[in-house]
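# Reading the structure
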Amino acid sequence: QVQLVESGGGLVQAGDSLKLSCVASGRNSYYMGWFRQALGKEREFVAVINWNGGYTTYADSVKGRFTISRSNALNTVYLQMNSLKPEDTAVYYCASDPSFARLQARSPLYWGQGTQVTVSS
């Protein structure tokens, strides 16, 4: 069993930066990812990282602006978000799964409770 707790969300202006954190209890060798869900829209994939940080992939909408990283010593995955845009406004969720395919399909075994990110124009 893995429990995920996100933090770091908030209200920022367009162009600002924000760093989200997700602390995992339990096993830390799984793929970990970030997803987001804007009001009235489906949850979408943002980024994923493998167990040792050697593989990462991003949604086209955030490529070049967001960076996912992890510290297995701290059981934590991060999402550094730069050059934020109003369209980045959403609830951001951390997720974890031993299967990359399940993460990619937006059906991971474990979800966090989410943290709100609001970007004003």
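Figured I'd write up the structure that's included with this text. (Residues numbered from 1 in each chain as written. Predicted model: local features only at pLDDT ≥ 70, side-chain atom pairs only at ≥ 80, totals over all residues. Heavy atoms only, no water.)

Spatially, the 4 strands line up as an open sheet ordered S1-S3-S8-S7, and their pairing is antiparallel. This sheet does not close on itself; its edge strands, each paired only once, are strand S1 (3–7) and strand S7 (66–71). Mean inter-strand twist for the sheet, computed between neighbouring axes without regard to direction, equals 15°. (Pairing = 2+ DSSP bridges. Helix = DSSP H or I, 4+ residues; strand = E, 2+ residues; numbered from the N terminus. Axes fitted to C-alpha atoms, helices over the stretch in contact; angles between N-to-C directions.)

What follows covers the pattern of salt bridges. Across all of its chains, the model carries 6 salt bridges by this definition. Ionic pairing is found between Arg-36 and Glu-44, a salt bridge with its closest N-O pair at 2.6 Å. The class for Glu-44 is partly exposed, based on a relative accessible area of 34%. With a shortest N-O distance of 3.4 Å, Glu-42 and Arg-106 are connected by a salt bridge. Residue Glu-42 is found in the loop between strand S4 (31–37) and strand S5 (44–49), and its partner Arg-106 is found in the loop between helix H1 (100–104) and strand S10 (110–111); the two are separated by 64 residues along the sequence. Taking relative accessible area as the criterion, Glu-42 reaches 61% and is therefore assigned exposed. On the accessibility criterion, Arg-106 (39% relative accessible area) is partly exposed. One network of salt bridges, in which partners are shared, links Arg-36, Glu-44, Arg-65 and Asp-88. (Salt bridge = Lys/Arg side-chain N within 4 Å of Asp/Glu carboxyl O. Buried < 20%, exposed > 50% of the residue type's maximum accessible area, 1.4 Å probe, protein only.)

The residue Gly-8 is located in the loop between S1 and strand S2 (10–13) in this model. The sequence separation of Gly-8 and Leu-20 amounts to 12 residues, and the corresponding C-alpha distance is 4.5 Å. Contacts of Gly-8, omitting those with residues within four sequence positions, involve Leu-18, Lys-19, Leu-20 and Thr-115. (Contact = heavy atoms within 4.5 Å.)

So, on to the state of the cysteines. Here the structure, examined in full by the defined rule, presents 1 disulfide. The residue that forms a disulfide with Cys-22 is Cys-94, at a sulfur-sulfur distance of 2.2 Å. Measuring the twist about the S-S bond at about -80°, one finds the Cys-22-Cys-94 disulfide to be left-handed. Separated by 72 residues along the polypeptide, Cys-22 in strand S3 (residues 18–25) and Cys-94 in strand S9 (residues 90–97) bring together distant segments of the chain. For Cys-22, a relative accessible area of 0% translates into the label buried. Judged by relative accessible area, which is 0%, Cys-94 ranks as buried. (Disulfide = S-S within 2.5 Å.)

Okay, the packing of aromatic side chains next. We describe a pair of aromatic rings using the distance from one ring centre to the other and the angle between the two ring planes. This model, assessed by the stated rule, comprises 6 aromatic pairs. Ring geometry for Tyr-30 and Tyr-110: centres 6.4 Å apart, planes at 10°, overall stacked. Taken together, the residues span a long stretch of sequence, with Tyr-30 in the loop between S3 and S4 and Tyr-110 in strand S10 at a distance of 80 residues. Look at Tyr-30 and you get buried, because its relative accessible area is 12%. Taken together, Phe-35, Phe-45, Tyr-93 and Trp-111 form an aromatic cluster joined through their ring pairs. The cationic tip of Arg-43 hangs over the ring face of Trp-111; the distance from NZ or CZ to the ring centre is 4.4 Å. (Phe/Tyr/Trp six-rings, centres within 6.5 Å; stacked < 30°, edge-to-face > 60°. Lys NZ or Arg CZ within 6 Å of the ring centre and 35° of its normal.)

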